[in-house]
Amino acid sequence: MSPLKIETHIKVQSTEIDAASLLAQETGLSKQVLKQAMQKGAVWHSHGKQTNRLRRAKKALKIGDELHLYYNQAVLDETVTDAELLFDQEQYSIWYKPFGMRCQGSKWSDHTTINRYIETHLNPARNAYLIHRLDLAATGLIVLGHNKKVTAAIAKLFETRALDKFYQVIVEGKFPDGKVTIDTDVDNKSALSHAERLEYNSELNQSKVQVKIESGRKHQIRIHMASIGHPVVGDRQHGNGSDQTPNLQLTSCHLSFVCPVTGEDKVFELPQSYRPEFQSR
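First things first, this report covers the structure right here in the doc. (Residues numbered from 1 in each chain as written. Predicted model: local features only at pLDDT ≥ 70, side-chain atom pairs only at ≥ 80, totals over all residues. Heavy atoms only, no water.)

Things to note about the packing of aromatic side chains
Aromatic ring pairs are reported here in terms of the distance separating the ring centres and the angle at which the planes meet. Applying the stated criterion to the full structure yields 6 aromatic pairs. Relative to Trp108, the ring of Tyr70 lies with its centre 5.6 Å away and its plane at 75 degrees, an arrangement referred to as edge-to-face. With a gap of 38 residues between them, Tyr70 in strand β4 (residues 66-72) and Trp108 in the loop between β6 (92-97) and α4 (114-121) connect regions that are remote in the sequence. Tyr70 sits in the buried class, given a relative accessible area of 12%. Residues Phe257 and Phe268 carry aromatic rings whose centres are separated by 5.7 Å and whose planes lie at 45 degrees to one another, so their mutual orientation is tilted. Within this pair, whereas Phe257 is found in strand β13 (residues 250-258), its partner Phe268 is found in strand β14 (residues 265-269), the two being separated by 11 residues in sequence. Accessibility classification places Phe257 together with Phe268 in one group, the buried group. Put simply, the rings of Phe87, Tyr92, Phe257 and Phe268 touch in pairs and so form one group of aromatic residues. (Phe/Tyr/Trp six-rings, centres within 6.5 Å; stacked < 30°, edge-to-face > 60°. Helix = DSSP H or I, 4+ residues; strand = E, 2+ residues; numbered from the N terminus. Buried < 20%, exposed > 50% of the residue type's maximum accessible area, 1.4 Å probe, protein only.)

Some words on helix α2 (residues 31-39)
Those residues of α2 lying buried are Leu34, Ala37 and Met38. Taken down its axis, α2 places every buried residue within 100 degrees of arc, on the same side. Of the surrounding secondary structure, the elements contacted by the buried residues of α2 are α1 (19-27), β2 (43-47), β4 and α3 (73-76). Of the residues one or two after α2, Gly41 is the one with positive phi, at around 90 degrees. (Arc of directions from axis to C-beta. Contact = heavy atoms within 4.5 Å.)

Here it is, written out as structure tokens:
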């Protein structure tokens, strides 16, 4: 039997019924199930021109409002490894994003996203605003802001390339000696990466490579490594990865920038235990 999937849109006709009761009445799902779906981001509320996720089952509704349910049991059952707080700077924080944790939700849920995880686990509780992204399959350092002013200031650093970010990847083959610059276009847009071999494992014929990117195109490192014949180990989209190979071996390891709050130079390094290592197939 395939997982239950329901999409429905309901116009509010009465203020005498709350959101959970109205959805239960329309779909046959229990209120408890619907409350869980709300917490996971599967219910939306439209009032006037604004549409936002609805988390509170008892939220007061007005006539003319709309409720939108995007219930997909398979999506709601997804689980991910917990993110880990590495550096708390109060107005922003730096986390370790694990494999499989998303940086963006969908209409069906947001419970496996890094920002939702932070909002439900950070102490003291704060809003969490996404500033940059890591691929679903990538791991490593990610910065989130906790107020809109600081979020915008750090986002500007990314946009203007006023910070340094380094990644480490395990790639197939013996990567060339010295610094290698790759400028292959990504999605018909200019892209620039600088790479340098850190270590070579002759037994596995794999190299550990440090990469600095000057631009931030989607899948840039993965595409660039594949374009010169050294695809990232575990890359199922641009390389030779499969269900039998390790997860994608691409990790964000270093971030440094001038703190927009204090004006101090900040350097954030991923602990060695989180960095990619050679793995036999």
